[in-house]
Amino acid sequence: MAESKRDYYEVLGVSKDADDAAIKKAYRALAKKYHPDMNPGDAEAEKKFKEASEAYAVLSDAEKRRQYDQFGHAAFEGGAGGAGGFGGFDFNGADFSDIFGDIFGDLFGGGARRGGRASNGPMKGANIRKSIRITFEEAVFGCKKELDVILKDPCTSCHGTGAKPGTSPETCPKCGGKGQVVYTSQSFFGTVQNVQTCPNCGGSGKIIKAKCSSCSGTGYTSSRKKIEVTIPAGIDNGQSVRIREKGEPGINGGPRGDLLVEVNVSRHPIFQRQDMHIFSTVPITFAQAALGGDVKIQTVDGAVIYSVKPGTKTDTKVRLKGKGVPSLRNSQVRGDHYVTLVIQTPEKLSAEAKEALRKFDELTGNSLHQNDSTSEKSEKKEKRKGFMNKVKEVFEE
């Protein structure tokens, strides 16, 4: 009866001014939650699913929604909407295929698969992942490394069939060699077909009755192999090198997977890297900073001589062009090496060195003796002030 029905907007949980997208989104969530295939044997879930579907069939259709907004449930009573469906409502014209396609993947009402491929067709093998550690310099200039990998190869006894020599795999009787089985069920909207991998053959489409003793029916044997990995110049920490077709064997004639080698670069005691540039810090003496002179700077290409300009301040940055990391795309293109010059203060000085520094201060107008005299005068003044305060305290008593 009409009076026993809930308001369609209330059923979907949307406002009366909700647009089509909001209505569709609300119904999709309810359909996924209460669909009978998701809740087998749950009568209450089936009831809520039918209720939401009826509401969506009306509110998703512009003309039916207009009639419902004007007359309510009465618009579809007494044959106005036709017979059949839930509570006398007619679902003809309602389009649910896109929603159920989103919820269940491929198959609603007919079982047509969208862009699918038979599970027993040729498929590429799985990739194998390994890691390798290299030095900072090896990452900059590239290198070759040898890697131990356990690889599968077709069994030499059965030639990859998995069957005992002299026998052959047979077509799976359950799926007829397709590798998939179709399960059909009846739902509120008609026939629903669901395609699954055949449990009998695991999707291969073949059954091996007599297994090969060498490979136990797998068709493959494993062995340890050494593979040479070429690390390109300029590779950075965390990047990977792909070696084609050195992974797991393909399925049903498909190509092998790839070997992915992740590169871990060790830290360098002097250099730091950022993209294609290298950074380091070089100490210089006070005399070199003041007078200028040549300093030796270590780079990835070896030591270079750099001429420090007179009057250089600490934390001055200099650029050594083309002494950085090569580009992965073009090894002829390199980044730069940036060096920070830091003036070192000597911690231990001989008597002669101290005297020389005092003489230097006198010549530059910053005499240490002048500072000492000022300090002595200040100390005497403080002592005199302290004595007078004590005298004053005696007379005040």
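As shown above, the structure is provided for reference.
Rules and cut-offs
Residues numbered from 1 in each chain as written. Predicted model: local features only at pLDDT ≥ 70, side-chain atom pairs only at ≥ 80, totals over all residues. Heavy atoms only, no water. Axes fitted to C-alpha atoms, helices over the stretch in contact; angles between N-to-C directions. Helix = DSSP H or I, 4+ residues; strand = E, 2+ residues; numbered from the N terminus. Parallel < 35°, antiparallel > 145°, perpendicular 65-115°, else oblique. Contact = heavy atoms within 4.5 Å. Nonpolar A, V, L, I, M, F, W, Y, C, P; charged D, E, K, R; others polar. Polar contact = N/O pair within 3.5 Å; in protein donor to acceptor, adjacent residues only side chain to side chain. Expected span 1.5 Å × (residues − 1). Pairing = 2+ DSSP bridges. 1 Å grid on protein atoms, 1.4 Å probe; cavity = no way out; pocket = protein on both sides within 12 Å on 5 of 7 lines; lining within 4 Å. Points joined across faces, edges and corners; volume = space filled by probe spheres on them. Phe/Tyr/Trp six-rings, centres within 6.5 Å; stacked < 30°, edge-to-face > 60°. Salt bridge = Lys/Arg side-chain N within 4 Å of Asp/Glu carboxyl O. Buried < 20%, exposed > 50% of the residue type's maximum accessible area, 1.4 Å probe, protein only. Core = buried A, V, L, I, M, F, W, Y, C linked by side-chain atoms within 4.5 Å. Left-handed = near helix turned anticlockwise from the far one by under 90°.

## Things to note about the packing of helix H3 (residues 43-59) against helix H4 (residues 62-71)
Next, step 1: Closest axis-to-axis distance for the H3/H4 pair is 6 Å, and the angle between their directions is 105°. With respect to each other, H3 and H4 are oriented roughly perpendicular. When H3 is examined against H4, the residues Ala57, Val58 and Leu59 are found in contact with a partner set consisting of Lys64, Arg65 and Tyr68.
Next, step 2: Residue composition of the contact of H3 with H4, grouped by class: four nonpolar, no polar and two charged.

## A closer look at unusual backbone geometry
Next, step 1: At His159, a residue that is not glycine, the phi angle is positive and equals roughly 60°.
Next, step 2: Mapped onto the secondary structure, His159 falls in the loop between strand E2 (143-154) and strand E3 (170-171).
Next, step 3: The phi torsion at Glu245 lies on the positive side, around 55°, for a residue other than glycine.
Next, step 4: Mapped onto the elements of the fold, Glu245 is located in the loop between strand E8 (240-243) and strand E9 (259-265).

## Structural notes on the environment of Ser15
Next, step 1: Along the chain, Ser15 turns up in the loop between helix H1 (8-12) and helix H2 (20-34).
Next, step 2: A distance of 2.5 Å separates polar atoms of two side chains, one belonging to Ser15 and the other to Asp17.

## Regarding helix H8 (residues 351-363)
The α-helix advances 3.6 residues per turn, and as a result positions three or four apart in sequence lie on the same side.
Next, step 1: Between its first and last C-alpha, H8 extends 18 Å over 13 residues, near the 18 Å set by a 1.5 Å rise per residue.
Next, step 2: A positive backbone phi angle near 85° is found at Gly365, which sits one or two residues after H8.

## Regarding the sheet that holds E8
Sheet strands pair via backbone hydrogen bonds, and the direction of the pair is either parallel or antiparallel.
Next, step 1: Pairing in this open sheet of three strands is mixed, and the strands run E1-E9-E8 from one edge to the other. Pairing within the sheet leaves two strands with one partner each, and these edge strands are strand E1 (128-134) and E8. Here the strands of the sheet are splayed against their neighbours by 25° on average, with no regard to which way each runs.

## Regarding the sheet that holds strand E15 (residues 337-343)
Next, step 1: With mixed pairing, the four strands of this open sheet are ordered in space as E10-E11-E15-E14. Whereas interior strands pair on both sides, the edge strands pair on one side only; in this sheet they are strand E10 (272-274) and strand E14 (316-320). This sheet shows a mean twist of 30° between the axes of neighbouring strands, independent of strand direction.
Next, step 2: Direction of pairing for E10 relative to strand E11 (residues 277-284): antiparallel, over a ladder of three bridges. Across the sheet, residue Gln274 finds its bridge partner in E11, namely His277.

## Re the layout of surface pockets
Once rolled over the atoms, a probe with the size of a water molecule shows which space is left empty.
Next, step 1: One number sums up the size of the largest pocket: a volume of about 510 Å³.
Next, step 2: Along the wall of the largest pocket there are 25 residues; nearest its centre are Thr161, Ser204, Thr218, Ile251 and Asn252.
Next, step 3: Looking at the lining of the largest pocket residue by residue, the class counts come to eight nonpolar, 14 polar and three charged.
Next, step 4: Lining the second largest pocket are Phe136, Ala139, Asp236, Asn237, Val265, Ser266, Arg267, His268, Phe271, Gln272 and Arg273.
Next, step 5: Those elements that place two or more of their residues in the lining of the second largest pocket are helix H6 (136-141) and E10.
Next, step 6: When its residues are assigned to classes, the lining of the second largest pocket shows four nonpolar, four polar and three charged.

## Thoughts on the packing of aromatic side chains
Next, step 1: Going through the model one piece at a time under the given rule, you end up with six aromatic pairs.
Next, step 2: Aromatic side chains Tyr27 and Tyr56 sit 4.5 Å apart centroid to centroid with 5° between the ring planes, which places their arrangement in the stacked category. Linking Tyr27 in helix H2 with Tyr56 in helix H3, this pair joins segments that are 29 residues apart in sequence.
Next, step 3: The structure contains a cluster of three or more aromatic residues connected by ring pairs, namely Tyr8, Tyr9 and Tyr68.

## A closer look at the pattern of salt bridges
Next, step 1: One pass over the full model with this rule turns up 19 salt bridges.
Next, step 2: Of the charged contacts in the structure, one is a salt bridge between Asp336 and Arg319, with a shortest N-O distance of 2.9 Å. Of this pair, Asp336 sits in the loop between E14 and E15 while Arg319 sits in strand E14, placing them 17 residues apart in sequence.
Next, step 3: For Arg319, a relative accessible area of 48% translates into the label partly exposed.
Next, step 4: Three or more residues are tied together by salt bridges with common partners; here these are Lys124, Arg242, Arg244 and Asp258.

## Comments concerning the nonpolar core
Next, step 1: Counting residues in hydrophobic clusters, the biggest one holds 22 residues, and the most contacted among them are Leu12, Val14, Ile23, Tyr27, Leu59 and Tyr68.
Next, step 2: Mapped by element, the contributors of at least two residues to this core are H1, H2 and H3.
Next, step 3: If one sorts the elements of this core by residue count, H3 sits on top with seven residues.
Next, step 4: Contacts of Leu59, omitting those with residues within four sequence positions, involve Tyr8, Tyr9, Leu12, Ile23, Arg65 and Tyr68.
Next, step 5: Of all hydrophobic cores here, the second largest spans 18 residues; its members include Val149, Val241, Ile243 and Leu259.

## A short note on the packing of H2 against H3
Next, step 1: Close contact between H2 and H3 brings their axes to 9 Å; oriented N to C, the two are set at 160°. Between H2 and H3, the angle falls in the class roughly antiparallel. As H2 runs across H3, the sense of the crossing is left-handed. Contacts between H2 and H3 involve Ile23, Lys24, Tyr27, Leu30, Ala31 and Tyr34 from the first element and Ala45, Glu46, Lys48, Phe49, Ala52, Ser53, Tyr56 and Leu59 from the second.
Next, step 2: Of the residues belonging to the contact of H2 with H3, the class tally is 10 nonpolar, one polar and three charged.

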